[in-house]
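Here is what each chain is made of, one letter per residue.
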2 protein chains.
Amino acid sequence: VKLDAPLQSGEVALVGAGPGDPGLLTVAALSLLRDCDVIIHDALVSEKVLDLGNPNARRVFAGKRGGRPSASQSDICNTMISLAREGHRVVRLKGGDPFIFGRGGEEISRLAEAGIRFRVIPGISAGVAAPAMAGIPLTERSVNSTLAFLTGHEASVDSRIDWKAMVTAFPVLVFYMGARNLPEIADRLVSAGLVDSTPVAIIHAATLAEEEISIGSLADAYEGRLEAHSPSIVIVGEVITKRRPWR
Amino acid sequence: VKLDAPLQSGEVALVGAGPGDPGLLTVAALSLLRDCDVIIHDALVSEKVLDLGNPNARRVFAGKRGGRPSASQSDICNTMISLAREGHRVVRLKGGDPFIFGRGGEEISRLAEAGIRFRVIPGISAGVAAPAMAGIPLTERSVNSTLAFLTGHEASVDSRIDWKAMVTAFPVLVFYMGARNLPEIADRLVSAGLVDSTPVAIIHAATLAEEEISIGSLADAYEGRLEAHSPSIVIVGEVITKRRPWR
């Protein structure tokens with residue numbers, strides 16, 4: 001275990017940046033950010049987090065953002081490998097946690113193949129941060145003993161998942177990037193057997209100044225009565241009735 | 001958003017302590033631990049984390065441990081409420097994340113009822129930390145677009161969940177406290193339709209000095225060929241073949 005040992009020349013740390021508030025960086029992430037030569041970061045990493053990095057470190061933007069030319073996954077990996085081979089101490093900073101809908105697996109696969117030293121520092125995933133900020137417990141003994149994470153994207157595509165089986169087995173669902181397809185998500189869930197009145201919570205920009213929390217039902221969601229801005233975490237299930245806002 | 005604002009007199013922070021290595025505390029958790037009057041902690045919180053707390057803070061052990069008299073959930077809540085009412089600044093420190101299999105929901109419900117000010121600081125859950133330490137991505141575009149968390153306990157009881165539906169919808173499963181019932185878990189999964197050769201990873205004491213990682217198959221697990229000590233996170237699914245150990 002060498003989570004926050006100093007990076008060596010030519011080493012890469014794949015680091016979870018958490019949801020945005022610098023207070024949710026881990027101690028290890030902060031210490032690696034402060035003592036590295038290069039920071040390769042995604043669009044989802046907040047400015048406030050980047051501001052804590054070594055001011056002399058080179059910054060490489062590797063975001064994938066709609067509407068502008070963006071780096072391909074393969075380009076990002078190539079950049080990371082070249083910089084490590086030049087002897088730099090590289091922090092690859094990813095929003096949330098690197099291994100939850102973050103394509104971190106593809107990146108360490110390339111690093112391993114290239115013979116680069118690396119480590120992985122987990123981060124607070126948005127699906128964990130958002131309910132905490134909203135005061136919504138993800139598990140409650142009277143409601144659920146399982147918890148499902150998935151992406152909102154699934155609702156808009158020829159989904160690989162069996163939605164009926166999912167709602168049967170999982171009373172609580174957490175959708176990443178759930179805003180854009182909110183009506184489709186709600187529609188799929190109702191078609192799969194959930195009742196119209198099932199509670200829905202939408203947490204936009206969890207931990208940031210522009211954070212917004214909306215609560216409604218699946219019917220509200222598929223009829224477009226719930227406002228949802230990207231990026232948002234969407235929670236579906238009876239645990240939402242257990243919500244106790246911070247006070 | 002006041003994650004790491006100083007605690008006020010009579011306020012409670014429900015804080016996730018992460019999996020054990022102090023490097024995985026959040027910056028907010030560390031600052032609240034350093035500046036509080038009372039720390040009420042579970043058995044799963046590591047000594048190393050407790051050592052970072054304010055040395056003058058009173059420590060209250062609220063663990064539930066087998067074989068010795070232990071505090072009931074109701075006692076813990078009563079203690080928390082009395083200490084807050086006496087004007088103390090209370091950190092309620094819970095292993096992992098307070099809202100993922102942590103009964104944090106019951107605690108904030110009691111706090112809200114009692115009119116106590118509180119906030120919730122998410123933590124790195126063991127189910128997120130363990131795969132990072134093992135180099136196992138929880139999601140891979142070619143394997144899964146969903147992710148399931150549940151407890152190992154489910155395999156040993158008259159389970160509320162539909163295991164067949166679960167394995168149909170979720171190619172990757174993460175079991176908390178999965179060691180004790182490993183053969184039962186494997187047996188349930190095979191009965192539900194997973195093939196014997198499905199990969200299994202057992203990560204014991206993730207991030208601690210005694211961390212151990214074992215990899216095998218469901219057949220190895222139900223035939224008792226995989227060693228599993230408590231506490232462990234058990235991961236089941238093809239993502240395990242994408243494992244790249246730190247190097």
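In this report, the structure presented in the accompanying data block is examined. Counting starts from 1 at the beginning of each chain's written sequence and moves along it residue by residue. Here the convention is simple: chains get letters from A, ligands get numbers from 1, in the order in which they are written. Reporting of local features is limited, given that this is a predicted model, to residues whose pLDDT is at least 70; pairs of side-chain atoms are given and counted only at 80 or more, and all residues count toward the totals for whole chains, interfaces and linings. Only hydrogens and water are set aside; all other atoms, that is, all heavy atoms of the structure, feed into the side-chain values.

## Regarding the side chain of A:Thr26
Where we set the bar: Secondary structure is summarised from DSSP: a helix means a run of H or I of at least four residues, a strand means a run of E of at least two, and numbering begins at the N terminus for each. Any pair of N or O atoms that falls within 3.5 Å is considered a polar contact. Within protein, one atom must be able to donate a hydrogen and the other to accept it, and sequence-neighbouring residues count only if both atoms are side-chain atoms. Throughout, a contact is declared for two residues whenever any of their heavy atoms are within 4.5 Å.
Mapped onto the secondary structure, A:Thr26 falls in the loop between strand S1 (11-16) and helix H1 (27-34). Within the structure, the side chain of A:Thr26 is placed 3.0 Å from the backbone nitrogen of A:Ala29, a separation counted as a polar contact. Setting aside residues up to four positions removed in sequence, A:Thr26 forms contacts with A:Ile121, A:Pro122, B:Gly23, B:Leu24, B:Leu25, B:Thr26, B:Val27 and B:Ile124.

## Quick word on the relation of the copies chain B and chain A
To keep it simple, the criterion reads: For the least-squares superposition of copies, only C-alpha atoms count, and only for residues with pLDDT at least 70 in both.
Overlaying chain B with chain A gives an RMSD of 0.0 Å, the required rotation being 180 degrees about an axis along which the chain moves by 0.0 Å. Taken together, the rotation and translation describe the operation of a two-fold axis. Comparing interface residues between copies, 100% of those in chain B also lie at the interface in chain A; the contact surface is shared.

## Considerations on the interface of chain B and chain A
For clarity, the cut-off: What counts as buried area is the accessible surface, traced by a 1.4 Å probe, that two parts surrender upon association, with contributions from both included. Salt bridge, as applied in this entry: a Lys or Arg side-chain nitrogen positioned within 4 Å of an Asp or Glu carboxyl oxygen. Any residue that is not Ala, Val, Leu, Ile, Met, Phe, Trp, Tyr, Cys, Pro, Asp, Glu, Lys or Arg is counted as polar, Gly included; the first ten are nonpolar and the last four charged.
Facing the 72 residues of chain B at the interface are 72 residues of chain A. When the buried area of chain B at its contact with chain A is split by residue, B:Phe99, B:Trp246 and B:Arg247 rank highest and sum to 13% of it. The interface formed by chain B and chain A holds two salt bridges in total. A salt bridge links A:Glu106 to B:Arg141; the nearest nitrogen and oxygen atoms lie 3.4 Å apart. The interface formed by chain B and chain A holds 26 residue pairs in polar contact (both at pLDDT 80 or more) in total. Every element with two or more residues in the side of chain B that touches chain A is listed here: helix H1 (27-34), helix H4 (104-113), strand S5 (117-121), helix H5 (126-134), strand S6 (146-151) and helix H6 (163-169) of chain B. A per-element tally of the side of chain B that touches chain A places S6(B) first, with six residues. Along the lines of polarity and charge, the residues of the side of chain B that touches chain A split into 40 nonpolar, 16 polar and 16 charged.

## Focus: the packing of helix H3 (residues 73-85) of chain A against helix H4 (residues 104-113) of chain A
Residue and element names in this part refer to chain A. Rules: Lines fitted to C-alpha atoms define the axes here, with helix axes fitted over just the stretch in contact, and angles between the N-to-C directions of these axes take values from 0 to 180 degrees. Note that the term roughly parallel is reserved for angles under 35 degrees, roughly antiparallel for angles over 145, roughly perpendicular for angles of 65 to 115, and oblique for everything else. For any pair of crossing helices, the crossing counts as left-handed if the nearer helix is rotated counterclockwise from the farther one by less than a right angle, and right-handed if it is rotated clockwise.
Where H3 meets H4, the closest approach of the two axes is 10 Å, and the angle between their N-to-C directions is 45 degrees. By the criterion of interaxial angle, the relationship of H3 to H4 is oblique. Between H3 and H4 lies a crossing of right-handed hand. Counted together, Gln73, Ser74, Ile76, Cys77, Asn78, Met80 and Ile81 of H3 and Glu106, Glu107, Arg110 and Leu111 of H4 form the full contact between these two elements. Of the residues belonging to the contact of H3 with H4, the class tally is five nonpolar, three polar and three charged.

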